[in-house]
Amino acid sequence: MTNVPSQGGSARQAGRSGAHAAHSRQATTQLSASLPVLEVDDIPQQAGTPVITFDHVTKVYPAQPNKPALNDITLQIYAGEFIFLVGHSGSGKSTFIRMLIREVKPTQGHIYVADEDLTSMRNWRVPYLRRNIGCVFQDFKLLPNKTVFENVAFALEVIGKSRHVIKTQVPEVLRLVGLQDKLNKRPDQLSGGEQQRVSIARAIVNRPPLLVCDEPTGNLDPQTSRGIMDLLERINRTGTTVLVATHDREMVDNMRRRVIALDRGHLTRDQDRGVYGFDV
Ligand SMILES: Nc1ncnc2c1ncn2[C@@H]1O[C@H](COP(=O)(O)OP(=O)(O)OP(=O)(O)O)[C@@H](O)[C@H]1O
């Protein structure tokens, strides 16, 4: 068996198609206004307007003109969801994420984030889009000569936050990720799991409504990975929408969250409380 059938997918797409038609530009402001606070409470999942809409999105890289990296993808993601993006190597997961942060543009179709069409978004607006999307990567991407505090503070400095905000929010977020005792350590003095916690803290310190993680546990052992996923679940419970691209079968099968599966650029499954579902 290569895939679990896609009952969940068609139901989702049929029920929610056309939802972005009612969007207005005003919603970008609403997105910023509704930033979640960093309190770990059980907040029920929200429905309503999608945070992300892929509308018949195809991406063809010039180097591979006959092999679309993504092929006619249509889906919606709603505020407060926790989603796994799964698929074999080369199935298009990173391309999906890179398009969300407007690192690459679709060849065809439209992507809306909080009602703003990324296809027609002016370049000067891209940094504002990225303020609303926290990103976590497999290789942490920490600044090696800065301390834990400075790495996280830097994310606020570059968007012009005041010293007062930095002094308040950085320790708060480092407490949330369990690193309150490591503020003055440099990355090379931390374990892999701790470094990933720093990168998660950096991604959420500005309280973005959306957190996107590309293989966040790819470099970590199973127990440390579990801790990172627990943290991502806690962040999700604050109301943050969390999207995780992963190869971690055990994690996906244990957590039973929405699963979006890609196979050679095609959306093959979109399943609530899904499983990993590919043969290794
Ligand atoms: N910059 C690029 N130029 C040309 N082709 C690319 C580029 N980036 C990705 N591709 C191709 O697009 C397809 C999808 O790649 P992508 O990196 O999105 O997959 P992935 O699922 O993230 O893979 P992995 O799990 O290995 O990270 C692959 O065939 C890949 O070779």
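Remember, it's a predicted structure, so these values are computed and weren't measured experimentally.

Calculation rules
- Residues numbered from 1 in each chain as written.
- Predicted model: local features only at pLDDT ≥ 70, side-chain atom pairs only at ≥ 80, totals over all residues.
- Heavy atoms only, no water.
- Axes fitted to C-alpha atoms, helices over the stretch in contact; angles between N-to-C directions.
- Helix = DSSP H or I, 4+ residues; strand = E, 2+ residues; numbered from the N terminus.
- Parallel < 35°, antiparallel > 145°, perpendicular 65-115°, else oblique.
- Left-handed = near helix turned anticlockwise from the far one by under 90°.
- Contact = heavy atoms within 4.5 Å.
- Nonpolar A, V, L, I, M, F, W, Y, C, P; charged D, E, K, R; others polar.
- Phe/Tyr/Trp six-rings, centres within 6.5 Å; stacked < 30°, edge-to-face > 60°.
- Buried < 20%, exposed > 50% of the residue type's maximum accessible area, 1.4 Å probe, protein only.
- Lys NZ or Arg CZ within 6 Å of the ring centre and 35° of its normal.
- UniProt positions renumbered as here; feature names shortened; annotations may be inferred.
- Pairing = 2+ DSSP bridges.
- Right-handed = clockwise from strand over helix to strand, strands pointing away.
- Near = heavy atom within 4 Å.
- Areas by Shrake-Rupley, 256 points an atom, 1.4 Å probe, with all protein chains shown as cover.

### A closer look at the packing of helix α5 (residues 148–157) against helix α6 (residues 163–176)
If you want to describe how two helices pack, look at the angle between their axes and the distance between the axes.
Step number 1: Direction vectors running N to C along α5 and α6 enclose 125°, while the axes themselves pass 10 Å from each other. Our classification of the angle between α5 and α6 gives oblique. Helix-helix and strand crossings are classified by hand; for α5 and α6 the assignment is right-handed. In this structure, α5 uses V148, F149, V152, A153, L156 and E157 to contact α6, whose residues at the interface are I166, Q169, V170, P171, V173 and L174.
Step number 2: Within the contact of α5 with α6, the residues separate by chemical class into ten nonpolar, one polar and one charged.

### What to know about the packing of aromatic side chains
Step number 1: Following the criterion strictly, the structure yields three aromatic pairs and no others.
Step number 2: On the numbers, 4.2 Å between centres and 5° between planes, the contact of F54 with F96 is stacked. Remark: F96 occurs in helix α3 (residues 93–100) and F54 occurs in strand β1 (residues 50–59); sequence separation between them is 42 residues.
Step number 3: The exposure class assigned to F54 is buried, which follows from its relative accessible area of 0%.
Step number 4: Looking at F96, the relative accessible area reads 0%, which means it is buried.
Step number 5: Between F82 and F84 the ring centres are 5.3 Å apart and the planes differ by 70°, which places this aromatic pair in the edge-to-face class. There is no split in this pair, since F82 and F84 are both buried.
Step number 6: Here the guanidinium or amino end of K141 rests over the ring plane of F137, the centre of that ring lying 5.1 Å away.

### Digging into the UniProt feature "domain: ABC transporter" (unreviewed entry) in the protein
Step number 1: This chain's UniProt record puts "domain: ABC transporter" (unreviewed entry) on residues 52–278.
Step number 2: Overall, residues 52–278 shows 33% helix and 25% strand. The separation of its end C-alpha atoms is 25 Å.

### Remarks on the sheet that holds strand β7 (residues 210–214)
Step number 1: One open sheet holds the six strands; their spatial order is β6-β7-β8-β3-β9-β10, and the pairing between them is mixed. The open sheet has two edge strands, β6 (133–137) and β10 (266–271), and neither has a second partner. Direction aside, neighbouring strands of the sheet carry axes that sit 15° apart on average.
Step number 2: In the sheet, β7 pairs with strand β8 (residues 241–245) via five bridges, with the strands oriented parallel. What sits directly across from L210, in β8, is T241.
Step number 3: Sitting on the sheet, α3 touches β3 (82–86), β6, β7, β8 and β9 (258–263), and the angle it makes with β7 is about 145°.
Step number 4: Helix α7 (residues 192–204) contacts β6 and β7 of the sheet and is inclined by roughly 165° relative to β6.

### Describing the pairing of β8
Step number 1: Taken across its five residues, β8 has five buried, putting it largely inside the fold.
Step number 2: Both faces of β8 are covered, namely the face carrying T241, L243 and A245 and the face carrying V242 and V244.
Step number 3: The pairing of β3 with β8 spans four bridges and is classified as parallel. For I83, the partnering residue across the bridge sits in β8 and is L243.
Step number 4: The β-α-β motif built from β7, the intervening helix α8 (residues 222–237) and the parallel element β8 has right-handed crossover chirality.

### A word on the site of the ligand
Step number 1: Contacts to the ligand come from 14 residues, most closely from S89, G90, K93, S94 and T95.
Step number 2: When the free accessible area of the ligand is taken as 640 Å², the share hidden by the protein chains comes to 67%.

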